[in-house]
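Structure assessment
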Amino acid sequence: MTENKDFLKCPTDIYNYYGTTPVEKFESRTPKKTATPRVEKARQMYFESKSSASVEFPYWYTRKWEGLDGEIGIIRRAESLKCGFEHLTPAIFPGELLAMRKANYLRGSYPMPWLSEAFFLAKEDELFKEAAKSGKHSADEATTIGQGGGNVTKSAGNVVSIAGKFGLRKEEMPILLKIAKKWFNKSVDDVGHKYEQLVPDYQTKEEIMRAVICMFDSGYTLPQGREVMNYYYPLQFGIEGIKQICQEKIGKTAGYPDMDRLYFYKAVYTMLEGLQTWILNYAKEAKFMASLETDKTQKEEYLDIAQRLEWLSKNKPRTFHDALQLVWIFHVAVLNEDAISGLSPGRLGQVLYPFWKQDMEKGILNTEKSMELLECMRMKFTELDCFASMGVVGGVLSGNTFNNLCIGGLDIDGNSAANDLEVLILESAMTCDTPQPTLSLLYDEKLPEDFLLKGVECTKIGTGYPAWINNRVGMEFLLNNFRKEGMELKEARAWSLGGCLETSPGSWMPLEINNETYFIPGGSSPATSVGVHFISLPKVLEAVLYDGLDKRTGRRVYPAHGSKLDSYEEVWKIFKKYFSITVEVLTLTNNIQHDLWGKISPSIINSMLKPDCLEVGKDISNKGCRYNRTFNVEICGGVNLVNSLASIKKNIFDEKKFTLSDLKAAIDANFGYLSALKTKSYSLIEQVKTDKFMNWLKIHRLCLDAPKYGNDDKYVDNIFKQWQHWFSEMCEQYVSLYDEPLYSCQISVSTHAPMGAVTLASADGRLCGTTFADGSVSAYPGTDKNGPYALFNSATCYDHALSQNSQLNMKIHPSVVQGRKGSRKFAEMIKAYLRKGAFHAQFNVVDSRMLRDAQQHPENYRGLMVRVAGFTQYWVELGKQIQDEVIARTEYEQIG
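Not measured: the values here are computed from a predicted model. (Residues numbered from 1 in each chain as written. Predicted model: local features only at pLDDT ≥ 70, side-chain atom pairs only at ≥ 80, totals over all residues. Heavy atoms only, no water.)

1. What to know about the overall build of the protein chain
Scanning the protein chain from N- to C-terminus turns up 34 helices and 25 strands. Residues classed as buried in the protein chain amount to 69% of the 896 residues present. Contacts in the protein chain between residues at least 24 apart in sequence constitute 78% of all its contacts with a sequence separation of at least 6. Looking at the protein chain as shown, the accessible area adds up to about 29,500 Å², and 51% of this sits on carbon and sulfur atoms. Counting 106 positive and 110 negative side-chain charges, the protein chain places the averaged centre of each group 2 Å from the other. (Helix = DSSP H or I, 4+ residues; strand = E, 2+ residues; numbered from the N terminus. Buried < 20%, exposed > 50% of the residue type's maximum accessible area, 1.4 Å probe, protein only. Contact = heavy atoms within 4.5 Å. Areas by Shrake-Rupley, 256 points an atom, 1.4 Å probe, with all protein chains shown as cover. Lys, Arg positive; Asp, Glu negative; His and termini not counted. Charge placed at Lys NZ, Arg CZ, Asp CG, Glu CD.)

2. Regarding helix 10 (residues 232-253)
With 22 residues, helix 10 should cover 32 Å at 1.5 Å per step; its first-to-last C-alpha distance of 24 Å lies more than 12% under that length. Its maximal kink placed at Gly238, helix 10 deviates by approximately 95 degrees. In the segment just after helix 10, Gly255 is the residue with positive phi, at about 90 degrees. (Expected span 1.5 Å × (residues − 1). Bend = angle between axes of the 7 residues up to and from the residue.)

3. What to know about the environment of Glu422
Note on placement: Glu422 falls in helix 17 (residues 420-431). When the C-alpha positions of Glu422 and Leu352 are compared, they lie 9.8 Å apart, and in sequence the two are 70 residues distant. Those residues in contact with Glu422, other than ones at most four positions away along the chain, are Gly349, Gln350, Cys406, Ile407, Gly408, Ala417 and Phe451. Here the side chain of Glu422 touches Gly408 through a polar contact of 3.1 Å, landing on its backbone nitrogen. (Polar contact = N/O pair within 3.5 Å; in protein donor to acceptor, adjacent residues only side chain to side chain.)

4. Some details on the packing of aromatic side chains
For the structure shown, the criterion picks out 43 aromatic pairs. Connected via pairs of aromatic rings, a cluster forms that spans Phe57, Tyr61, Trp65, Phe85, Tyr110, Trp114, Trp183, Trp278 and Tyr282. Lying over the aromatic face of Tyr568, Lys649 brings its terminal NZ or CZ to 5.9 Å of the ring centre. In this arrangement the basic side chain of Lys650 is found over the ring face of Tyr715, its NZ or CZ atom lying 5.4 Å from the centre. (Phe/Tyr/Trp six-rings, centres within 6.5 Å; stacked < 30°, edge-to-face > 60°. Lys NZ or Arg CZ within 6 Å of the ring centre and 35° of its normal.)

5. Points about the pattern of salt bridges
For the coordinates displayed, the defined rule picks out 60 salt bridges. One salt bridge in this structure joins Arg38 and Glu301, with 2.7 Å as the shortest N-O distance. Residue Arg38 is found in helix 2 (residues 37-47), and its partner Glu301 is found in helix 12 (residues 296-312); the two are separated by 263 residues along the sequence. Put simply, Glu240 and Lys243 hold a salt bridge, and the shortest N to O gap is 3.4 Å. With Glu240 and Lys243 both in helix 10 and three residues apart, this pair spans about one turn of that helix. Overall, the relative accessible area of 8% leaves Lys243 in the buried class. Several salt bridges share partner residues, and in doing so they unite Arg107, Lys165, Asp385, Arg862 and Glu877 into one network. (Salt bridge = Lys/Arg side-chain N within 4 Å of Asp/Glu carboxyl O.)

6. Describing the sheet that holds strand 6 (residues 214-216)
Spatial ordering of the open sheet is given by 6-16-19-20, a layout of four strands whose pairing is mixed. Each edge of the open sheet is held by one strand with a lone partner, namely strand 6 and strand 20 (743-745). Strand after strand, the sheet turns through a mean of 35 degrees between neighbouring axes, direction not considered. Alignment of strand 19 (residues 632-636) against strand 20, held across three bridges, turns out to be parallel. Bridging across to strand 20, Val633 finds its partner in Ser744. Set on the sheet, helix 21 (residues 537-545) makes contact with strand 16 (532-536) and strand 19; between it and strand 16 the angle comes to about 55 degrees. Each of strand 6, strand 16 and strand 19 touches helix 22 (residues 568-600); the most contacted strand, strand 16, lies at about 155 degrees to it. (Pairing = 2+ DSSP bridges. Axes fitted to C-alpha atoms, helices over the stretch in contact; angles between N-to-C directions.)

7. Some details on the environment of Thr690
Along the chain, the position of Thr690 falls in the loop between helix 27 (676-679) and helix 28 (693-705). Residues Thr690 and Leu309 lie 381 residues apart in sequence; the distance between their C-alpha atoms is 65 Å. For Thr690, the residues in contact, after removing those within four places along its chain, are Gly672, Tyr673 and Leu674.

8. Here we look at the confidence of the model for the protein chain
Within the protein chain, residue pLDDT values average 91, and 92% of them lie at 70 or more. Every residue in residues 1-15 scores below 50 in pLDDT, and together they form 40 contacts with partners more than four places removed in sequence or on other chains. Contacts from residues 125-134, a stretch scored under 50 in pLDDT, to residues over four places away or in other chains number 19 contacts. (pLDDT = per-residue confidence, 0-100.)

9. Some words on the nonpolar core
With 226 residues, the main nonpolar core has Phe579 and Trp723 as its most contacted residues. Considering each element in turn, this core owes the most residues, 16 residues, to helix 11 (residues 260-292). Among residues more than four places away in sequence, those in contact with Phe579 are Ile535, Leu537, Val540, Ile635, Trp723, Trp726, Phe727 and Met730. (Core = buried A, V, L, I, M, F, W, Y, C linked by side-chain atoms within 4.5 Å.)

10. Focus on the packing of helix 22 against helix 29 (residues 714-731)
To describe two helices that pack against each other, one gives the angle between their axes and the distance between the axes. Interhelical geometry of helix 22 versus helix 29 gives an angle of 30 degrees and a closest axis separation of 12 Å. By the angle class used here, helix 22 and helix 29 are roughly parallel. For helix 22 against helix 29, the interelement crossing comes out right-handed. Touching Tyr568, Trp572, Phe575, Lys576, Phe579, Ser580 and Val583 of helix 22 are Ile719, Gln722, Trp723, Trp726, Phe727 and Met730, all from helix 29. (Parallel < 35°, antiparallel > 145°, perpendicular 65-115°, else oblique. Left-handed = near helix turned anticlockwise from the far one by under 90°.)

11. Examining unusual backbone geometry
Going from Gln436 to Pro437, the amide bond is cis rather than trans, its omega being -15 degrees. Along the chain, Pro437 falls in the loop between helix 17 and strand 10 (438-443). Cis geometry marks the peptide bond from Pro611 to Asp612; its omega dihedral reads 10 degrees. Among the structural elements, Asp612 can be located in the loop between helix 23 (605-609) and helix 24 (613-616). Even without being a glycine, Asp712 presents a positive backbone phi close to 60 degrees. Secondary-structure assignment places Asp712 in the loop between helix 28 and helix 29.

12. What about the pairing of strand 10?
Judged by how many residues are buried, strand 10 sits mostly within the fold: six of six residues are covered. Of the two faces of strand 10, the one holding Thr438, Ser440 and Leu442 and the one holding Leu439, Leu441 and Tyr443 are both buried throughout. In the sheet, strand 9 (residues 404-408) pairs with strand 10 via five bridges, with the strands oriented parallel. Within strand 10, the position partnered with Leu405 by the bridge is Leu439. Where strand 10 and strand 11 (residues 467-470) come together, four bridges link them in parallel fashion.

13. What to know about the pairing of strand 15 (residues 516-523)
Here strand 14 (residues 506-513) runs beside strand 15; their pairing, made up of eight bridges, is antiparallel. Of the residues in strand 15, the one forming a bridge with Glu512 is Thr517. Between strand 14 and the antiparallel strand that follows it, strand 15, lie two residues; Asn514 among them carries a positive phi value of about 50 degrees.

14. Side note on helix 19 (residues 471-482)
In this model, helix 19 (twelve residues) spans 16 Å end to end at C-alpha, consistent with the 16 Å of a helix rising 1.5 Å per residue. Taken across its twelve residues, helix 19 has nine buried, putting it largely inside the fold. Of the residues making up helix 19, those classed as buried are Asn471, Val473, Gly474, Met475, Phe477, Leu478, Leu479, Asn481 and Phe482. Of the surrounding elements, those touching the buried residues of helix 19 are strand 10, strand 11, helix 20 (489-492), strand 13 (502-504) and strand 20. At the N-terminal boundary of helix 19, the capping side chain belongs to Asn470, with an oxygen 3.1 Å from the backbone nitrogen of Arg472.

15. Details of the side chain of Asp338
Residue placement: Asp338 occurs in the loop between helix 13 (320-337) and strand 8 (340-344). At 2.8 Å, the side chain of Asp338 forms a polar contact with the side chain of Gln224. A distance of 3.0 Å separates polar atoms of two side chains, one belonging to Asp338 and the other to Trp597. Once residues within four sequence positions are removed from consideration, Asp338 is found in contact with Arg77, Met112, Leu115, Pro223, Gln224, Trp597 and Ser601.

16. Examining the packing of helix 14 (residues 348-362) against helix 17
Following both chains from N to C, one finds helix 14 and helix 17 inclined at 115 degrees, their axes separated by 8 Å at the closest point. Between helix 14 and helix 17 lies a crossing of right-handed hand. Residue-level inspection shows Gly349, Gln350, Leu352, Tyr353 and Trp356 of helix 14 in contact with helix 17, the latter providing Asp420, Leu421, Glu422, Leu424 and Ile425. Here the contact of helix 14 with helix 17 is composed, by residue class, of six nonpolar, two polar and two charged. (Nonpolar A, V, L, I, M, F, W, Y, C, P; charged D, E, K, R; others polar.)

Pasting the structure below:
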């Protein structure tokens, strides 16, 4: 760490570097490659587009739903979805090689009032004013959203801003209000709220949400996602083939016991009819566009789209282009079925490899055409938007949709699964460097060195991907948690990441092409992250210090403990008590929400795709999947918790430098600084002192100087290890609605910003309103002073297979990884960390001063991307809370 003599005197006026002092002028990243002209034009069109909402789908869905009162629930749902799909206006843009989209806008999405109708109406309609008082809206108030890019942050002209991101035409707002009223007391949100109040300690849940100790309810906000798609059935059978399977199943279940199977198969058949109409509507639109087109090449492309869609509306794919189009159709179909974040295509390069290999061998496809199609695929994924509240869109997702494409890993026989198509996927991610789909490389010792170096090359240009994932640790977690449901070693190899970092079980499915069988991997579980969503650990510790109160609001969250907190052990004991209360009440209410989601808004398309729903005749909410232990407990701010506990233990109890009362007084005074909520600066780098600053300097310095995680310091690392073991073990004391134990999950996504915003200063020296440490094993910015390998030792002081994931973000200066030598040094550092048993690492290769310039001059950086926490996003679409945190991360100028 560069010596800074002002650090002790003025703790927050620092720049966070490790290694040599940076040169005066900021350094650019490794030069980027360029996309094909077609795709570069599409990217510029995307940059000029805004996130737009439509009421078309919800209007037709609701209209059909109302006319089916008394129909069987899943049939009513299928008919309503079918109607919505059949009435979607098709939109095909010039130059597209892959058709179909969520709505008729380039960046289109729509609200789903059958899930929740209240949040975007709370201030618009008298009927929903009561809903605005609920604790679940508190996260919206603590969230900042990116002010640039495609976000519609303010209403203007004929456009109304919703959730600070989406634009809706004013003339459509009365329609949206009318539709929403029809779902009042009928949506998953409203019915769930009615029944979750029957949980004995429900009022505690309300106070937890109001204090933003928990970020959001998952049952109605994002009931699906954080999972891996399975494209096997459409690729193997085609739509008509799946319909035939349903017909046969209907004949075998009609009139027999367990009649719900009959209704499921009928619902799937109905939905497939709707998808066929949707696809054919696009084919008609392509023909119409061709009839108007004067350019011969463009006319031929429209007609090619029409022919391909007509074929795929019934049949299985013939070519790689067909297969890629069909995969995209079903991906969008699932997204249109529910509010979803983190619907991952999984190991798509291995799924599509048989088609690609066939076409390459026949000479009907070459590398150049392959690259163009893969770049087009990247643009389609990047255009996706998820409609949700501001607290979710900004505070959790940062506008991202987390479509994680994994490469590498092992095949069914335990050999390297990397292939030539995956190399092109990496190459297309460099030529068309867009946020979606993000890439994750499942690292295994069996992977070829050239493949790993290709991954390093992609990371170096500043994409933030691929994330580097330990394949063996992921497999070990799956075997530990899904063995009871039949998981074996061979099946564990089929795993992938759902969402940003959620380890998800998969299965090998036999795809037959030209009389040859290929075992392709795909997801075989429902959403793997639908439990307790993001508990703020520093906020729970704050409640311990203040006897169960949320000091910010003055409201009681937990029962008063009445303890004098006269020992470290007592502090730790009460923290565990409050945390356990939180997990218990949130698990119970979450189970009710998800049970009602399955009854009101069951998944049909996604269920049909997942083994073994189609075989057993059950949707994913009725345990139709092969693996169902998928509920978890997610946390945020773990490193700040551990650093704070270390400070309390050392300063108050071991060395008696000050008392607990002294600490609380310092926290109340924010260590003599203005709150970040006033300064609008959310990291420790730039904060404003008050005239009382000197009164608290000594205590603040002692808090900052206390042992910090990330330096290979056993004092604090042992506390970290103790926390990790207790957390993973305690999760298993609670069960999901499927009567399966929960497991621990450790990712922050973007929650470390809004949760930090509502948290007082903490015992580790962090100031009020500033952002927590990101991820789960990332050091708090500026506190990892002993280099990357000391950080690695701290991060691996516990067994990463205990949890669904871990998350390490690092920022590397571009000069460190220049050239072939820099690539090899970078690769060796990554391998060294993963070989220690780590699960995950990801990197921002960027000069912090470039980010500062981008913050001041966003108009010059429309295409600049950074890695946040499990995802990459355009800089201008991030909220200032996250921007400040990324800038503040320690920048490594030396990794050897």
